[in-house]
Amino acid sequence: MEYRHTMRVVLLLIVALFVSGCSPENVRSFNLRNLAKSDIDMVADSHRRELDSLIRQLSIKLYKRNPRELAKVSKMTMDLRIQQILAPPPVDGYPELQGRSGNDAMRLAFTHSYEGDRVFALMAGVRSMIDAAYGGKQEFFMLDELDQQKLYNSARNLETVAWQLNHRKDKQGEPMLLANGLSKQGIANVSFERVLGKMIALQDMLASIIADTTDRTIKNVVHRAASFTFLPI
């Protein structure tokens, strides 16, 4: 049995090397790391990459609609903010977020008394919340496990974020963060909802896949997006 397994691995390597040598340039070359991955691992990797891309898109869109937030920090640039959002936070968290991350940072973004960069608080919170839903991993292998409930809860939290962006007002009755709206020509801009909708769909889809493959159930929570409550991750 061990001999047959070894031969199988060798044959896979030979085929992979042949394919990578003969394939067109636009085909992804074979990576030895993939031998240690199941189909589910590769699906999870793909979801994580797509989520990071969507987080980048949403952050850029929010800063373009809310340039005042970026201006709250001296000499801050959008590129630097995006790097901070997508990178692991400092061990003690960002001082400007009072060391908060995940759900706590997202709440801070919509707190009346907060005077810092609300876009950064929101998106750094979203990124760290998503990171927690994936067990802090960027890449997955056969021995790694995902929790379908955490993935499901993160999708519900993103629904809450979408609602907050549309409805949370400051003390003057103005939106805390500008997002969806109407142009001067009366054309609706719902691109923020589309990005968040894609993120929600990715999390729900993977939660369902994990539940099916592990024969575990997802506890459907009665959750009102129209609230200030985020589910635990």
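This structure is a prediction, so every number in the text was calculated from the model and none was measured.

1. So, the overall build of the chain
- Within the chain one finds 8 helices and 2 strands.
- Counting from the amino terminus, helix and strand elements in the chain follow one another as α-α-α-α-α-α-α-β-β-α.
- Relative to its full complement of 233 residues, the chain shows a buried share of 38%.
- Contacts in the chain between residues at least 24 apart in sequence constitute 70% of all its contacts with a sequence separation of at least 6.

2. Notes on the pattern of salt bridges
- Evaluation of the coordinates by the stated rule reveals 11 salt bridges.
- Note that Arg 107 and Asp 104 form a salt bridge whose closest N and O atoms lie 2.7 Å from each other. Separated by 3 residues within a single helix, Arg 107 and Asp 104 lie in helix α5 (residues 102-109), roughly one turn from each other.
- The exposure class assigned to Asp 104 is partly exposed, which follows from its relative accessible area of 41%.

3. Considering helix α8 (residues 191-214)
- Its 24 residues give α8 an end-to-end C-alpha distance of 35 Å, which sits within 8% of 34 Å, the value for a rise of 1.5 Å per residue.
- Taken residue by residue, α8 has Ser 191, Phe 192, Val 195, Leu 196, Met 199, Ile 200, Leu 202, Gln 203, Leu 206, Ala 207, Ile 210 and Ala 211 as its buried positions.
- Immediately downstream of α8, the backbone of Asp 215 shows phi near 60°, a positive value.

4. Notes on the packing of aromatic side chains
- All chains considered together, the criterion is met by 2 aromatic pairs.
- Taking the ring centre of Tyr 134 as reference, the NZ or CZ of Arg 48 above it sits at 5.0 Å.
- Taking NZ or CZ as reference, Arg 156 lies 4.7 Å from the ring centre of Tyr 152, over its face.

5. Describing unusual backbone geometry
- Although it is not a glycine, Lys 75 adopts a positive phi angle of roughly 60°.
- Inspection of the secondary structure puts Lys 75 in the loop between α3 (67-70) and α4 (78-86).
- By relative accessible area, which is 80% here, Lys 75 ends up exposed.
- Residue Gln 98 is not a glycine yet carries a positive backbone phi of 60°.
- On the secondary structure map, Gln 98 appears in the loop between α4 and α5.

6. Looking at the confidence of the model for the chain
- In the predicted model, the chain carries a mean pLDDT of 86, and 79% of its residues have values of at least 70.
- Segment residues 8-20: pLDDT under 50, and 8 contacts once partners within four positions in sequence are set aside and those in other chains are kept.
- Note on residues 22-28: pLDDT is under 50 here. Beyond four places in sequence and across chains, it has 1 contact.

7. Structural notes on the nonpolar core
- Membership of the largest hydrophobic core comes to 52 residues, with the highest contact counts inside it found for Leu 62, Leu 122, Met 123, Val 126, Tyr 134, Leu 165 and Met 199.
- Of all the elements in the fold, those that place two or more residues in this core are α2 (39-65), α4, α5, α6 (118-133), α7 (148-167) and α8.
- Per-element accounting of this core gives the leading share, 10 residues, to α6.

Procedures and definitions
- Residues numbered from 1 in each chain as written.
- Predicted model: local features only at pLDDT ≥ 70, side-chain atom pairs only at ≥ 80, totals over all residues.
- Heavy atoms only, no water.
- Helix = DSSP H or I, 4+ residues; strand = E, 2+ residues; numbered from the N terminus.
- Buried < 20%, exposed > 50% of the residue type's maximum accessible area, 1.4 Å probe, protein only.
- Contact = heavy atoms within 4.5 Å.
- Salt bridge = Lys/Arg side-chain N within 4 Å of Asp/Glu carboxyl O.
- Expected span 1.5 Å × (residues − 1).
- Phe/Tyr/Trp six-rings, centres within 6.5 Å; stacked < 30°, edge-to-face > 60°.
- Lys NZ or Arg CZ within 6 Å of the ring centre and 35° of its normal.
- pLDDT = per-residue confidence, 0-100.
- Core = buried A, V, L, I, M, F, W, Y, C linked by side-chain atoms within 4.5 Å.

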